[in-house]
Amino acid sequence: MKNRSMLSILVAGLIVLLILAAIIAVMNTGNVNSVSPAVIPVSPAAGNRLLPVDMPTPTVAWVVPPSEPWVKELFLQEGEIPAGWRLENTTWDGESLGVAYRTQPRQTGVSLSQDVTFYSTTLLAEQGYSRTLDQMFPPEYIKDWKDVPELAFPHHADALKVACLSSKLNGLPSQDCRSIARYQKLIVMTFGTVFEDKWLTMSGYRQMLEAVDRRVTDVLSQQAK
């Protein structure tokens, strides 16, 4: 009888422990949102910039059909393209619309292009700008990308970076120049192969930057009305 009583007590104790464990588990599940969120890197290129894990990973979410009339107005029109250049092709991947120009006659390796990426919110555009900035101008090579005084101009962008990398094309000294700018929910990039006195000069590239800034600002102002 004594052994049976001891066994009953042990079984009852075990049941009580299991019930307590179940209650604690349920309580922890219910309070999961009260725990401070951990942080994870946004992307390998984002370095030490971190976001809470319960925030969505920044993505392009505003898919704008390229057929929208105002979208094509974001790009340089006839008379704004640097002299000696013409439109070559347009590409669309559902997120970004790109326009490439070419010299007349065509010069292999000499390029000029403009790209616009669409975001659903200003916050996503800010995050996209930060990530893309590191991709266009990798921090580990940032000393090689030089700010060119001639390319500094009054602009309307919320953020802008322009820099050039010394290079050579077919033995000719050149500059690989690029810019990235954020205008509200848009990120606008330009890329150009710049030479001292032919095809695309530094003054010609600056004129392009000014024309892009003016055009994008005007289009967004019209959309806001």
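Residues numbered from 1 in each chain as written. Predicted model: local features only at pLDDT ≥ 70, side-chain atom pairs only at ≥ 80, totals over all residues. Heavy atoms only, no water.

Enquirer: Is there a simple way to explain the sheet that holds strand β3 (residues 85-92) in this structure?
Expert: Two orientations exist for strands paired in a sheet by backbone hydrogen bonds: parallel and antiparallel. What the 6 strands build is an open sheet, ordered β3-β4-β5-β8-β7-β6; its pairing is antiparallel. Since the sheet does not close on itself, it has two edges, and those belong to β3 and β6 (159-169), each with one partner. Adjacent strand axes in the sheet meet at a mean angle of 15°, parallel and antiparallel pairs treated alike. Where strand β4 (residues 96-103) and strand β5 (residues 112-118) come together, 6 bridges link them in antiparallel fashion. Considered in β5, the bridge of Gly98 is made with Asp115. Sheet strands touched by helix α3 (residues 122-136): β6, β7 (172-183) and β8 (186-194). Its angle to β7, the strand with the most contacts, is close to 165°. Set on the sheet, helix α4 (residues 202-224) makes contact with β4, β5, β6, β7 and β8; between it and β8 the angle comes to about 165°. (Pairing = 2+ DSSP bridges. Helix = DSSP H or I, 4+ residues; strand = E, 2+ residues; numbered from the N terminus. Axes fitted to C-alpha atoms, helices over the stretch in contact; angles between N-to-C directions. Contact = heavy atoms within 4.5 Å.)

Enquirer: Sorry if this is basic, but what is going on with the confidence of the model for the chain here?
Expert: Any residue range with low pLDDT should be treated as having predicted coordinates unsuitable for detailed reading. Here the chain shows a mean pLDDT of 76. Residues at 70 or above account for 70%. Low pLDDT (under 50) marks residues 24-61, which in the prediction has 38 contacts with non-local residues, meaning those over four places away or in another chain. (pLDDT = per-residue confidence, 0-100.)

Enquirer: Sorry if this is basic, but what is going on with unusual backbone geometry here?
Expert: Peptide bonds are mostly trans, and most non-glycine residues show a negative phi. The peptide bond linking Gln104 to Pro105 adopts the cis configuration, its omega dihedral lying at -5°. Note that Pro105 resides in the loop between β4 and β5. The phi angle at Gln184 is positive, at roughly 55°, despite the residue not being glycine. Turning to its location among the elements, Gln184 is positioned in the loop between β7 and β8. Phi at Trp199 takes a positive value of approximately 60°, unusual for a residue other than glycine.

Enquirer: Quick question: what am I supposed to make of the state of the cysteines here?
Expert: Disulfides are covalent bonds that connect the sulfur atoms of two cysteines. On inspection of all chains with the given rule, the structure shows 1 disulfide. There is a disulfide in this structure between Cys164 and Cys177, and the S-S distance comes to 2.0 Å. Residues Cys164 and Cys177 are joined through a disulfide that is right-handed, its torsion about the S-S bond being 110°. In this pair, Cys164 is assigned in strand β6 and Cys177 in strand β7, connecting sequence segments 13 residues apart. Judged by its relative accessible area of 2%, Cys177 is buried. (Disulfide = S-S within 2.5 Å. Buried < 20%, exposed > 50% of the residue type's maximum accessible area, 1.4 Å probe, protein only.)

Enquirer: Quick question: what am I supposed to make of the packing of aromatic side chains here?
Expert: How two aromatic rings sit relative to each other is set out by the distance from centre to centre and by the angle between their planes. Taken as a whole and assessed by the stated rule, the structure comprises 4 aromatic pairs. With a centroid separation of 6.4 Å and 85° between ring planes, the pair formed by Trp70 and Phe118 is classed as edge-to-face. Within this pair, whereas Trp70 is found in helix α2 (residues 69-72), its partner Phe118 is found in strand β5, the two being separated by 48 residues in sequence. Looking at Trp70, the relative accessible area reads 14%, which means it is buried. Feature note: the residues Trp70, Trp92 and Phe118 constitute an aromatic cluster, connected by ring pairs. (Phe/Tyr/Trp six-rings, centres within 6.5 Å; stacked < 30°, edge-to-face > 60°.)

Enquirer: I keep staring at the pairing of β8 and nothing clicks. Help me out?
Expert: Strand residues, when the strand is regular, have side chains that alternate between the two faces of the sheet. For β8, the tally of buried residues reaches 8 of 9 residues, placing the bulk of the element in the interior. Connecting the antiparallel pair β7 and β8 is a turn made up of 2 residues, with Gln184 showing a positive phi of about 55°.

Enquirer: What exactly am I supposed to notice about the side chain of Arg215 here?
Expert: Structurally, Arg215 is set in helix α4. A polar contact of 2.8 Å, which involves the side chain of Arg215, links it to the side chain of Glu80. Excluding anything up to four places from it in sequence, Arg215 contacts Glu73, Leu74, Phe75, Leu76, Gln77 and Glu80. (Polar contact = N/O pair within 3.5 Å; in protein donor to acceptor, adjacent residues only side chain to side chain.)

Enquirer: I'm lost on the environment of Ser203 in this one. Help?
Expert: Its place among the elements puts Ser203 in helix α4. Of the residues examined, Ser203 reaches a relative accessible area of 33% and is grouped as partly exposed. Distance in space between the C-alpha atoms of Ser203 and Pro82 is 9.7 Å, their sequence separation being 121 residues.

Enquirer: Help me out: how do you make sense of the nonpolar core in this one?
Expert: The nonpolar side chains of a soluble globular protein tend to be buried, and buried together. One finds Leu74, Tyr101, Phe118, Leu151 and Tyr205 to be the most contacted residues of the largest nonpolar core, which totals 38 residues. Of all hydrophobic cores here, the second largest spans 12 residues; its members include Ala125, Tyr129, Phe137 and Ile180. (Core = buried A, V, L, I, M, F, W, Y, C linked by side-chain atoms within 4.5 Å.)

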